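# A structural walkthrough
As a plain string of letters, each chain reads:
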Amino acid sequence: MSPQLTLQTPLELEPAEVPTYLEQLWSTEQQGNTGSGANTFCLLIWQPAWAEQQLVRSGRLNGPITGQQSDALLAAGRQAVIDTDLPLSTPPTAGELIAAIAQLEGENLADDLRGQYIDPALSELQPRRLITLAPTINADQRLETLVAAYCPLPEEGGGTTACGDVVVLRGGQNALRDGMSILQPLLPPSMPSWVWWNGFLDEAPDLMEQLACAPRRLIVDTAVGNPRHCLNLLRARVESGQAVNDLNWLRLRSWRETLAMVFDPPNRRDALCHITQLDVDVEGHHPTQGLLMAAWIADRLGWQLQRTEISEEGVAAQFSRHDGADIRFQLMSVPTGQPSVHAGQIVGLRLICQPEQGQGVCVILCAESGGCMRLEGGGMASLELHEEIVSVKHASPEMDVARLLSGGHDSTNPLLSAAAPLAAKLLS
Amino acid sequence: MVATATNPLRVGLRQERVIAPQCLVIFGASGDLTHRKLVPALFELFKQRRLPSEFALLGCARRPWSDDEFRGKMAEALASKIAENPEAWDQFASKLYYEPVDLQQPDDVVRLGGRLETIDQRCATRGNRTFYLSVSPKFYGSGCRALADAGLLKDPLRSRVVIEKPFGRDYGSAQALNRVVKSCGQENQVFRIDHYLGKETVQNIMVLRFANTIFEPIWNRNYISSVQITAAETVGVEERAGYYETSGALRDMVQNHLTQMLAITAMEPPGRFDPEAIRNEKAKVLQAARLADEQEPWNCCIRGQYASGGSHDAPLAGYRQEPGVDPNSTTETYVAMKLFVDNWRWQGVPFYVRTGKRLAKRLSEVVLTFREAPVHLFDAATGGPTANQLILRIQPDEGAEFRFEVKSPGSGMRSRPIDMEFSYDESFGEPSDEGYVRLLADAMLSDPTLFTRSDEVEAAWRLYTPLLELIEDSPWQLPIHPYESRTWGPAAADALLARDGLLWRRP
């Protein structure tokens, strides 16, 4: 399904006029008996789309700017990686790429439709209000406030379906800070509000603090931003009791499911008590996903972290099992020819189980997109081998967010709650 | 299934749907089903943390029990389960309430409405109610009417009715009951329960067929020569003689459980996994099904009744000697029949269906036998080549088995059959939930996928109408064949298949 535009041309209003305008829009007098505001949820999106803005400005991508992760955007990003002489394993929307494109010349302009281009997966959920904060690369740009309703108004022959509206705040970051005061009145206390921070987790901390305050539910992606900052932020939010969802954690789903599947047959479960080594290979130099995976395994199996060591190659650590035996953990960054859209995705995982008596077991999970030669090598001939291929077909961020929203998720997943602090500790 | 230690990596990975705040009202709360199946299933849901904290169970029956008496009766019945987790029971029991209600008395139903409002306030169940009719089938219609008249079904989003089997006694009575039920609420409020559909392995037939590309191309008349569906019990009529004498195996097992297994085995792939899409396909296949010989049903149906048996040390009484059974009873405890499904996929493929009490083994299975290879190139070690068979084991030892020919080791080129097995136990090692656990949760979630729709029920009754009429009008044409207890049924049932050159599978 392709994204859809709002049905109504957005109306530009003074920021102060927005709450009153929307209140009137949904008032009984205005709506009569023909329509109603959806009693669902509000979604605030921090939508910087820095890569898209820079690619458009430098003439490497045609507009309009939508904030969607389109195929054209990813292709332009990959080409820019080559043109700017960055390592080929650089993801097509990575921070270092954005910084490199920012140095390139070009003043191309395009329509900025961020917040008005709504993914069908989200619009199907009938949000009551989508508020998009769209910072521009021109830091001095004035604040523009746009408003559009979602369903036809009564005088245009509107139906009785539940309706919603979109609000876009666009401008330089300073201008956006000035506009933050209008947000609170726009969020009805009777329905849940979600904040999707669709940008780097280490940018604009003051804005995040204001936007993503409890009891608003937060959606982040710990694959975007400085790894240590990402994990510390996740840990802090989880420990504060706020409902947090991490798209990077969601993308681990098939890895967790496949590993659990390997140990579903009862005759293999004993091996879980005899693990001596865990290796995780990730793409490039962003270890958060690999650490979350290791932390989940450690938490489920009751391992205690003894020490951790960070190097150029990755992260090495030692855990101890219930019976006091040591477990060696190593996370390695490996280069890949065609990097994933998301930084630091797992490409392989190996568990070695060595009971004191009987045959050892080696479990290797390997991403379908590449090989895991490193994990397959090295003196395992005497072990019983279980090798599984893991599907790494990821849905778009919009689809993942829609899945979270439709599932309720009014609290943090308990598995993530347990894994996040340990993952942060592994990188500290 | 055998219970084993939980896979620690599996914990928390199951995606369970969230049941909204709810009051479940069970009519017939003093009956057998409530303490044997329903309350244990709800306690299981509670232990799995799948019930919302805003939950209440209101038991209703004519007996003048108090809340505490009801809790005490349930605790007595569930003693062994409670002993495993007494703290959980204490928490669960605090959600149990009781109200003496006779559904035939309008004043009682009005009083029930008041009690429900009190519970809504006390337990924050928000007027969201599921009414479970676990009463005598003759009260299904009047029970629904009483609830509707008291305004308890007027909100189609927050009220629903679960109706136990049997839904009617024949086509006419099922139609009449459907008319009454439909006049009381919308179809999406009605959940006609068939606990076989709650079984993991019955649902797995759909997954096996529609999640794999290897089966669907051969799942038709071009490759399948016959289908056998068996539901065998080792127990006799036990304490259910009163009910069983008026029902018999045809009404008790075939019209509902076996027919649902047939529908899921034979249905076309639905366009999407959606309740109506699935129920449309099941209804269509039942509408296309017919007895192999509708004009002379005695040619395609065998009825039997268990006689005494067992060993010298442990003798087993025959059906007519069971307490509460008429000594001259002609109620069947065994039925075997041959059906056809007249559509493009199944034209000409016989479906053999059998069920019985006091048979040699307890098991339910679906067996698909494939056509033989057109040319036999090899000698077969067993005398003749064995047809490929796919066996879907519903219970016990849940799983699937595929039988095919391989080369027998040695210098010659002889073939012999081997079995390739999938076992839920070996692959997952987790005990699967009782059918009622799944179905109660689904009803409270308003998910009708695993419940039978009005047209399905009517089509199932219509399918057996020639038999029911024959039993009613001229029972001598469909005689009762006695069979020894703990055998595989009457010899006449073997002859039914022998006429087609086939044998029942002996598991």
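Model, not experiment: these values are computed from the prediction.

On to the overall build of chain A, then. Looking only at helices and strands, chain A has 15 helices and 19 strands in total. A globule of 428 residues ought to have a C-alpha radius of gyration of about 22 Å, and chain A, at 24 Å, matches this closely. Dimensions of chain A, computed from the C-alpha atoms along their principal axes, are close to 80 × 50 × 35 Å. Per-residue burial for chain A yields a buried fraction of 43% across its 428 residues. Pairs at least 24 residues apart make up 72% of the contacts formed inside chain A by residues separated by at least 6 positions.

This part is about the packing of helix 6 (residues 140-149) of chain B against helix 7 (residues 171-184) of chain B. Residue and element names in this part refer to chain B. Where helix 6 meets helix 7, the axes come as close as 9 Å, and the angle between the chain directions of the two elements is 10°. Looking at the two axes, helix 6 sits roughly parallel to helix 7. Across the interface between the two elements, Y140, G141, C144, R145, L147 and A148 of helix 6 pack against L177, V180, V181 and C184 of helix 7. Classifying every residue of the contact of helix 6 with helix 7 by side-chain character gives eight nonpolar, one polar and one charged.

Turning to the packing of helix 12 (residues 288-301) of chain A against helix 15 (residues 414-426) of chain A, a few remarks are in order. Residues and elements named next belong to chain A. Close contact between helix 12 and helix 15 brings their axes to 8 Å; oriented N to C, the two are set at 115°. For helix 12 against helix 15, the interelement crossing comes out right-handed. On helix 15, the residues that touch L291, L292, A294, A295, W296, A298 and D299 of helix 12 are L415, A418, A419, L422, A423 and L426. Across the contact of helix 12 with helix 15, the residue classes tally to 12 nonpolar, no polar and one charged.

With that out of the way, let us pick up the domain arrangement of chain A. Residues and elements named next belong to chain A. Each domain of chain A was delimited in the assignment, giving domain 1 (50-102) and domain 2 (253-390). Relative placement of domain 1 and domain 2: their C-alpha centres are 33 Å apart. Each partner contributes to the interface: domain 1 provides nine residues, whereas domain 2 provides 10 residues. Within the side of domain 1 that touches domain 2, the residues separate by chemical class into five nonpolar, four polar and no charged.

Along any regular strand, the residues point their side chains to alternate faces of the sheet. Residues and elements named next belong to chain A. Burial of strand 6 (residues 129-135) is extensive: seven of the seven residues sit out of reach of the surface. With burial as the criterion, each face of strand 6 is covered, one bearing R129, I131, L133 and P135 and the other bearing L130, T132 and A134. Looking at chain direction, strand 4 (residues 42-46) and strand 6 are connected through five bridges and run parallel. Across the sheet, the residue bridging to I45 is T132, located in strand 6. Two strands pair when backbone bridges link them, and strand 6 and strand 9 (residues 165-171) are joined in this way by seven bridges, in the parallel orientation. Residue T132 lies in a different strand from strand 9, and its bridge partner there is V168.

With that settled, consider the pairing of strand 14 (residues 304-310) of chain A. Residues and elements named next belong to chain A. Where strand 14 lies against strand 15 (residues 314-320), six bridges are found, and the strand directions are antiparallel. Its bridge partner lying in strand 15, Q304 is registered against S320. Once strand 14 ends, the chain turns through three residues before running back antiparallel as strand 15.

All names here are of chain A. Reading across from one edge, 14-15-16-13-17-18-19 is the order of the seven strands in this open sheet, with mixed pairing throughout. Either end of the sheet is taken by a strand with one partner, and the two such strands are strand 14 and strand 19 (384-390). Along the sheet, successive strands turn relative to each other by an average axial angle of 15°, direction set aside. Running over the sheet, helix 12 touches strand 13 (275-283), strand 15, strand 16 (326-334) and strand 17 (346-353) and is turned about 160° from strand 13. Across the face of the sheet, helix 15 comes into contact with strand 14 and strand 15 while running at roughly 40° to strand 14.

Further remarks concern the confidence of the model for chain B. Residues and elements named next belong to chain B. For chain B, mean pLDDT is 91; residues scoring 70 or higher make up 99% of the total. By mean pLDDT, the top-scoring element of chain B is strand 12 (residues 351-356) (98), and the lowest-scoring one is strand 14 (residues 379-380) (82). As scored by the predictor, the complex reaches a pTM of 0.78 and an ipTM of 0.86.

Once that is clear, we can look at the domain arrangement of chain B. All names here are of chain B. Split by domain assignment, chain B resolves into domain 1 (22-164) and domain 2 (197-498). At the interface, 12 residues of domain 1 touch nine residues of domain 2. Elements with a minimum of two residues in the side of domain 1 that touches domain 2: strand 1 (22-27), helix 1 (32-47) and strand 5 (159-163). In terms of residues, the side of domain 1 that touches domain 2 owes the most to one element, helix 1, which gives six residues. Among the residues making up the side of domain 1 that touches domain 2, the classes are represented as six nonpolar, two polar and four charged.

What follows deals with the nonpolar core. The biggest cluster of nonpolar side chains holds 128 residues, and the ones touching the most others in it are L147, V161 and L440 of chain B. Shared between two domains, this core holds at least three residues of each, these being domain 1 (22-164) and domain 2 (197-498) of chain B. In this structure, V161 of chain B is in contact with F131, L133, C144, L147, L153, G185, Q189, V190 and F191 of chain B, ignoring residues within four places of it in sequence. By size, the runner-up hydrophobic cluster in this structure holds 111 residues, among which are I65, L176, I297 and I352 of chain A.

Across the contact, 14 residues belong to chain B and 15 residues belong to chain A. Here the side of chain B that touches chain A is built from residues that sort into seven nonpolar, five polar and two charged.

A few words on unusual backbone geometry. A cis amide bond links A214 of chain A with the next residue in sequence, P215 of chain A, at an omega value of 10°. Residue P166 of chain B follows K165 of chain B across a cis peptide bond; omega there is -5°. By the element assignment, P166 of chain B lies in the loop between strand 5 and helix 7. At R49 of chain B, a residue that is not glycine, the phi angle is positive and equals roughly 60°. With respect to the secondary-structure elements, R49 of chain B resides in the loop between helix 1 and strand 2 (55-61). Accessibility expressed as a C-beta count within 10 Å gives 10 for R49 of chain B, which makes it exposed.

All names here are of chain B. Those residues of helix 4 (residues 86-93) that sit buried are W89, F92 and A93. All buried residues of helix 4 project into a common sector of 95° when viewed along the axis, lining one side. In helix 4, the exposed residues that point more than 90 degrees away from the buried face are E87, D90 and Q91. Check the buried side of helix 4 and you find it contacts helix 1, helix 2 (67-77), helix 3 (79-84) and strand 3 (96-100).

Attention shifts here to helix 7 of chain B. All names here are of chain B. If you check helix 7, its first and last C-alpha atoms are 20 Å apart, about what 14 residues at 1.5 Å a residue would give, namely 20 Å. Turning to helix 7, its buried residues number three or more, namely A174, L177, N178, V181 and C184. On an axial view of helix 7, the arc spanned by its buried residues comes to 120°, and they lie on one face. When the buried face of helix 7 is taken as reference, the exposed residues oriented beyond 90 degrees from it are A176, R179 and S183.

Attention shifts here to the sheet that holds strand 6 of chain A. Residues and elements named next belong to chain A. Strand order in the open sheet made by the eight strands is 2-7-9-6-4-10-11-12, with mixed pairing throughout. Strand pairing shows two members of the sheet lacking a second neighbour, strand 2 (11-13) and strand 12 (244-246), which therefore form its edges. Each strand axis lies, on average, 20° off the axis of its neighbour in the sheet, ignoring direction. Pairing geometry for strand 2 and strand 7 (residues 144-149), over three bridges, is antiparallel. Bridge assignment links L11 to a residue of strand 7, and that residue is V147.

Quick notes on the rules
- Residues numbered from 1 in each chain as written.
- Chains lettered and ligands numbered in written order.
- Predicted model: local features only at pLDDT ≥ 70, side-chain atom pairs only at ≥ 80, totals over all residues.
- Helix = DSSP H or I, 4+ residues; strand = E, 2+ residues; numbered from the N terminus.
- Rg over C-alpha atoms; globule rule 2.2 N^0.38 Å.
- Buried ≥ 20, exposed ≤ 12 C-beta atoms within 10 Å, placed from the backbone.
- Contact = placed C-beta atoms within 7 Å.
- Axes fitted to C-alpha atoms, helices over the stretch in contact; angles between N-to-C directions.
- Parallel < 35°, antiparallel > 145°, perpendicular 65-115°, else oblique.
- Nonpolar A, V, L, I, M, F, W, Y, C, P; charged D, E, K, R; others polar.
- Left-handed = near helix turned anticlockwise from the far one by under 90°.
- Domains from an automatic or database assignment.
- Pairing = 2+ DSSP bridges.
- pLDDT = per-residue confidence, 0-100.
- Core = buried A, V, L, I, M, F, W, Y, C linked by C-beta atoms within 7 Å.
- Arc of directions from axis to C-beta.
- Expected span 1.5 Å × (residues − 1).

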